[in-house]
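Chain and residue survey
In case you want the letters, here they are:
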Amino acid sequence: DHSLALTADGRVFAWGSDRHGQLGLGSRSASTFTTSSDTIPPSSLSSSVDSSIHVTSPLPVSGLRKTRVRGIAAGARHSMCFSETAVYTWGSNSLGQLGLSQRSAERTICVPRMVSLPVSTIVSVAAGPQSSLVLLHREEDASDRREVYQWGQGIQLPMRVPFSSRRRNSISESNGSSMSTDLSIFHSFDQGSRRPVELVQISAGRYFNCALSSTGYVYLWTIGSSSTSFESKERERDKEKERDHHE
């Protein structure tokens, strides 16, 4: 229900629904900047959107004036952007999709806040309905690699995504600690290669996330109970197709 735009000089503009603070207008009331009741027929608005907080023209996102933004992403109820070395999120944090610490885990954040991530160069970000992804480039010691971090869908802090064919994986938080979770790599076509996987693109979805490698291989994964339910739905669909084919 909202949109983001990035200008050539690195400024971010937003418009649409601000019900969850996803426009990043800060303490300003969105209704101050809109004449939605006069210019937008009530029938054209979603029933879940309050017309009093619906912005009809692009407005600058608060708190980013000194930041040259390189990329943006809009989720269902939250927003993301990144500079060369930092990621910022704002909007709904109901399922941890902003990647903030437990102490600052308000349900709604109306101004961009920086996500705690390892020192790195940010390559891109992706926002799903209830989750967020970031692809970053790390240079430390003798290593030079790209990594994917994920948060949301109940996970509060950024977790590094391991590209492994194992069903049970240990994923690491950005602060170095780790936890065990069900991370299913549905397709990891270059598992036989010994070369490090160089990732070039990421995408976040409702049921699963995916990454594209420089060699053209696609990785798809999800975390927790969604993995089981997704695979079950896929099996049910395959069975239905088989029944339809035999009939």
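Pairing within the open sheet is antiparallel, and its three strands lie in the order 1-2-3. Strands at the two margins of the open sheet, each flanked by one partner only, are strand 1 (2-6) and strand 3 (54-60). Across the sheet, the mean angle separating the axes of adjacent strands is 10° when strand polarity is ignored. In terms of strand pairing, strand 2 (residues 12-17) meets strand 3 through four bridges, oriented antiparallel. Residue pairing for strand 3: Ser17 is matched across the bridge by His54.

Moving on, we come to the environment of Leu212. With respect to the helices, strands and loops of the structure, Leu212 is situated in strand 15 (residues 209-213). Sequence spacing of Leu212 and Gln201 is 11 residues, and the spatial spacing of their C-alpha atoms is 5.1 Å. Discounting chain neighbours no more than four positions away, the residues touching Leu212 are Glu198, Leu199, Val200, Gln201, Tyr217 and Val218.

We now examine the pairing of strand 4 (residues 71-74). Going residue by residue along strand 4, you find Gly71 and Ala73 tucked away on one face and Ile72 and Ala74 left uncovered on the opposite face. Here strand 4 folds back onto strand 5 (residues 78-82) in antiparallel fashion, the turn holding three residues.

Sheet analysis places strand 1 next to strand 2, joined by five bridges and oriented antiparallel. Note that in strand 2 the partner of His2 across the bridge is Gly16. In this structure, the hairpin formed by strand 1 and strand 2 is closed by a connection of five residues, where Gly10 is found at a positive phi of approximately 85°.

Let us look at the side chain of His20. Inspection of the secondary structure assignment puts His20 in the loop between strand 2 and helix 1 (36-39). Side-chain polar atoms of His20 contact the side chain of Arg77, separated by 3.5 Å. Setting aside residues no more than four positions away along its own chain, His20 makes contact with Arg77, Gly91, Ser92 and Thr108.

Bringing the environment of Gly16 into the picture now. Within the secondary structure, Gly16 sits in strand 2. It is 4.9 Å that separates the C-alpha atoms of Gly16 and Val55, two residues lying 39 residues apart in sequence. Leave out the neighbours within four places in its chain, and Gly16 touches Asp1, His2, Leu23, Ile53, His54 and Val55.

Moving on, we get to the nonpolar core. Core analysis: the largest hydrophobic core is formed by 14 residues, its most contacted members being Val61, Leu64, Cys81, Tyr88 and Trp90. Secondary-structure elements contributing two or more residues to this core are strand 2, strand 3 and strand 6 (87-92). Residues in contact with Val61, not counting those within four places in the same chain, are Val12, Phe13, Ala14, Leu23, Gly24, Trp90 and Pro112. Ranked by size, the runner-up nonpolar core spans 13 residues in total, among them Ile122, Val125, Tyr149 and Trp151.

Calculation rules
- Residues numbered from 1 in each chain as written.
- Predicted model: local features only at pLDDT ≥ 70, side-chain atom pairs only at ≥ 80, totals over all residues.
- Heavy atoms only, no water.
- Pairing = 2+ DSSP bridges.
- Helix = DSSP H or I, 4+ residues; strand = E, 2+ residues; numbered from the N terminus.
- Axes fitted to C-alpha atoms, helices over the stretch in contact; angles between N-to-C directions.
- Contact = heavy atoms within 4.5 Å.
- Buried < 20%, exposed > 50% of the residue type's maximum accessible area, 1.4 Å probe, protein only.
- Polar contact = N/O pair within 3.5 Å; in protein donor to acceptor, adjacent residues only side chain to side chain.
- Core = buried A, V, L, I, M, F, W, Y, C linked by side-chain atoms within 4.5 Å.

These figures capture arrangement, not role.
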